[in-house]
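Breakdown of the fold
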Amino acid sequence: MPKRVKHRKSQRGRIKGSATRGNRVVFGDFGIQSLEPGWIKATTIEAGRIAAQQYVRGEGKLYIRIFPDKSVTSTPLETRMGKGKGEPDFWAAVVKPGTILYELGGVTEQQAKVCFARLASKLPVKVRFVERRTF
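So, here is what we can say about the structure in this document.

About the criteria used
Residues numbered from 1 in each chain as written. Predicted model: local features only at pLDDT ≥ 70, side-chain atom pairs only at ≥ 80, totals over all residues. Heavy atoms only, no water. Pairing = 2+ DSSP bridges. Helix = DSSP H or I, 4+ residues; strand = E, 2+ residues; numbered from the N terminus. Axes fitted to C-alpha atoms, helices over the stretch in contact; angles between N-to-C directions. Parallel < 35°, antiparallel > 145°, perpendicular 65-115°, else oblique. Left-handed = near helix turned anticlockwise from the far one by under 90°. Contact = heavy atoms within 4.5 Å. Nonpolar A, V, L, I, M, F, W, Y, C, P; charged D, E, K, R; others polar. Buried < 20%, exposed > 50% of the residue type's maximum accessible area, 1.4 Å probe, protein only.

**What to know about the sheet that holds strand β2 (residues 38-41)**
- Strand order in the open sheet formed by three strands is β2-β5-β4, with antiparallel pairing between adjacent strands. Across the chains shown, the open sheet's two edge strands, defined by having one partner strand only, are β2 and β4 (70-74). Between one strand axis and the next, the sheet turns through 50° on average, direction left out of account.
- In the sheet, β2 pairs with strand β5 (residues 87-95) via four bridges, with the strands oriented antiparallel. Within β5, the position partnered with G38 by the bridge is V95.

**Focus: the packing of helix α1 (residues 42-56) against helix α2 (residues 109-120)**
- Running from amino to carboxyl end, α1 crosses α2 at an angle of 150°, the nearest separation of the two axes being 9 Å. Between α1 and α2, the angle falls in the class roughly antiparallel. The two elements α1 and α2 meet at a crossing, and its hand is right-handed. When α1 is examined against α2, the residues G48, A51, A52, Q54, Y55 and V56 are found in contact with a partner set consisting of Q111, V114, C115, R118 and L119.
- Of the residues in the contact of α1 with α2, the class split is seven nonpolar, three polar and one charged.

**Let's talk about the sheet that holds strand β7 (residues 127-131)**
- The antiparallel open sheet is built from four strands, whose spatial order is β3-β6-β1-β7. With one partner strand each, in any of the chains shown, β3 (61-64) and β7 form the two edges of the open sheet. With strand direction ignored, the average angle separating the axes of adjacent strands in the sheet is 20°.

**Remarks on unusual backbone geometry**
- A positive phi angle, near 55°, is found at R57, a position not held by glycine.
- Within the element layout of this structure, R57 appears in the loop between α1 and β3.
- Despite not being glycine, K83 shows a phi value in the positive range, around 65°.
- With respect to the helices, strands and loops of the structure, K83 is situated in the loop between β4 and β5.
- According to the relative accessible area criterion, K83 is exposed, its value standing at 78%.

No statement about biological role is implied by the geometric values presented.
Following this line, the structure appears as structure tokens:
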């Protein structure tokens, strides 16, 4: 949950276009990149972190490149129309195609592929394995 939010009530919005920022591996050697747009819940991000760190076991460093800063609300069941917007139900990170979600450093390519395969099964969007490019 963020410390402060700019606007009290956030609207759903449409995810259009592809990521121009946060679309290359910067911190680690290998990354996992989103191929489709969507919302990733904070609990899903945390589940991915736990799955990756259990596999890496302290030999590599995991970087999480997304942050859940969008509140998603829902009105309770059996409530009539009106009466305003509901309470925040969960927090989500808005992900565009091309966004790097997680990065790994200090591990071999084979270890990173196995780790990200475990992590990809928990994510609601299609992802692909990417390497750091050197210029």
